[in-house]
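# Structural overview
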Amino acid sequence: MYRFLLTPRWWGINLFVVLAIPFCVFMGTWQLGRFEDRVQTHNAAEKQPAPGTRAAKPIDDLLPVDTATSGRPATATGRYADQFLVPGRELDGKDGFYVLNMLRTDNGKALPVVRGWLPGEPGNTAVPAAPTGTVTVTGDLQASENAGTAGVHATGGLPDGQLGIIGAASLVNLVPYDVYDAWVTLQDTDGSGTSALRPVPATVPQGTGLDLKAFQNLGYTGEWFVFAGFVLFMWFRLIRREAEAARDLKLGIVAEAEAEAGAGGSTAASTDADADADAGTDAGRNADADADAAESLSSGVGAGAAVVGPADHGVRPGSDAKTGGA
């Protein structure tokens with residue numbers, strides 16, 4: 001009954017199933033692994049000591065920024081240079097902006113330093129001046145922002161002196177010196193804690209933590225396993241339908257149905273045959289009428305020939321009498 005599984009069509013179906021199910025299982029397992037990685041990084045971040053309790057290290061010792069070094073206290077020494085205001089940043093549910101200064105270090109590169117946050121709009125709020133001279137700053141290390149970071153202004157069109165994204169890629173076009181591919185946020189804005197600037201808390205690196213993307217990975221995991229089950233279900237359903245069709249054919253159920261369909265066709269053919277027979281009868285009657293007409297015509301012609309025949313032979317009684325008298 002299941003010999004149809006060896007036909008070329010079913011070889012193609014079986015091959016698709018054999019490849020599709022492992023692929024769906026692999027993708028579901030990979031998405032599940034991504035979710036587990038995010039859970040682990042979230043748990044690791046919660047177990048890390050507070051930034052103020054960890055020893056600060058030079059900025060060069062903590063680069064590049066990764067999940068292990070993000071949020072670690074970093075130190076750098078230099079002089080404050082260019083200042084930028086970063087609009088559209090919230091803190092405790094209030095709108096405001098960051099105050100960012102470029103710290104030019106002794107090695108020639110500049111480190112973006114967020115000195116703090118102020119409420120309001122840039123240009124309408126007084127900004128405390130940055131310290132002068134050589135300073136040593138200690139701030140929580142952060143990775144450069146990108147277009148996917150929350151709160152960034154990636155569309156451009158900002159006034160001079162404002163910055164939409166804190167990152168080396170955007171700052172390198174605004175300053176004439178090299179920039180670190182990282183930035184720090186100060187937790188003590190002026191060293192005394194009396195500045196109007198409010199410290200900006202460090203954020204966890206992107207791709208970690210139990211955020212929306214983590215639960216998206218979990219949802220994708222379920223989808224891939226559902227796809228695998230659906231492929232298997234459809235495969236069994238097709239086999240069952242094919243087997244039922246083969247069984248019906250073996251029992252003659254399909255043949256009877258075809259016979260009934262053939263009987264209907266025979267009735268129609270019989271009706272057509274009757275119509276053709278009637279047409280043939282009419283044609284036969286027409287043929288008989290034509291034959292009678294032909295026979296009548298033939299008889300008339302023969303009688304005419306009999307009348308005309310003696311005249312053609314010159315049989316004239318009067319002439320013969322006269323000739324005989326001579």
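Here goes a summary of the coordinates provided. (Residues numbered from 1 in each chain as written. Predicted model: local features only at pLDDT ≥ 70, side-chain atom pairs only at ≥ 80, totals over all residues. Heavy atoms only, no water.)

## Considerations on the packing of aromatic side chains
- Taken as a whole and judged by the stated rule, the model has 4 aromatic pairs.
- Ring centres of Phe-23 and Trp-224 lie 5.6 Å apart, and the angle between their planes is 90°; on these two criteria the pair is classed as edge-to-face. Taken together, the residues span a long stretch of sequence, with Phe-23 in helix H1 (residues 8–47) and Trp-224 in helix H4 (residues 212–251) at a distance of 201 residues.
- Residue Trp-224 is classed as partly exposed on the basis of its relative accessible area, which comes to 21%.
- Ring centres of Trp-224 and Phe-227 lie 5.7 Å apart, and the angle between their planes is 90°; on these two criteria the pair is classed as edge-to-face. With Trp-224 and Phe-227 both in helix H4, this residue pair falls 3 residues apart, about one helical turn.
- A relative accessible area of 41% means that Phe-227 is categorised as partly exposed.
- Aromatic rings pair up to connect Phe-23, Trp-224 and Phe-227 into one cluster.
- Sitting over the ring of Tyr-180, Lys-109 keeps its end group 4.5 Å from the ring centre. (Phe/Tyr/Trp six-rings, centres within 6.5 Å; stacked < 30°, edge-to-face > 60°. Helix = DSSP H or I, 4+ residues; strand = E, 2+ residues; numbered from the N terminus. Buried < 20%, exposed > 50% of the residue type's maximum accessible area, 1.4 Å probe, protein only. Lys NZ or Arg CZ within 6 Å of the ring centre and 35° of its normal.)

## Considerations on the side chain of Gln-31
- Along the chain, Gln-31 turns up in helix H1.
- Judged by relative accessible area, Gln-31 falls into the buried class, the value being 7%.

## Remarks on the environment of Gly-116
- Along the chain, Gly-116 falls in strand S4 (residues 110–119).
- The exposure class of Gly-116 is buried, given its relative accessible area of 0%.
- Here the alpha-carbon distance between Gly-116 and Phe-97, two residues 19 residues apart in the chain, equals 8.6 Å.
- Not counting residues up to four positions away in its chain, the partners in contact with Gly-116 are Phe-97, Tyr-98, Val-99, Thr-189, Leu-197, Arg-198 and Val-200. (Contact = heavy atoms within 4.5 Å.)

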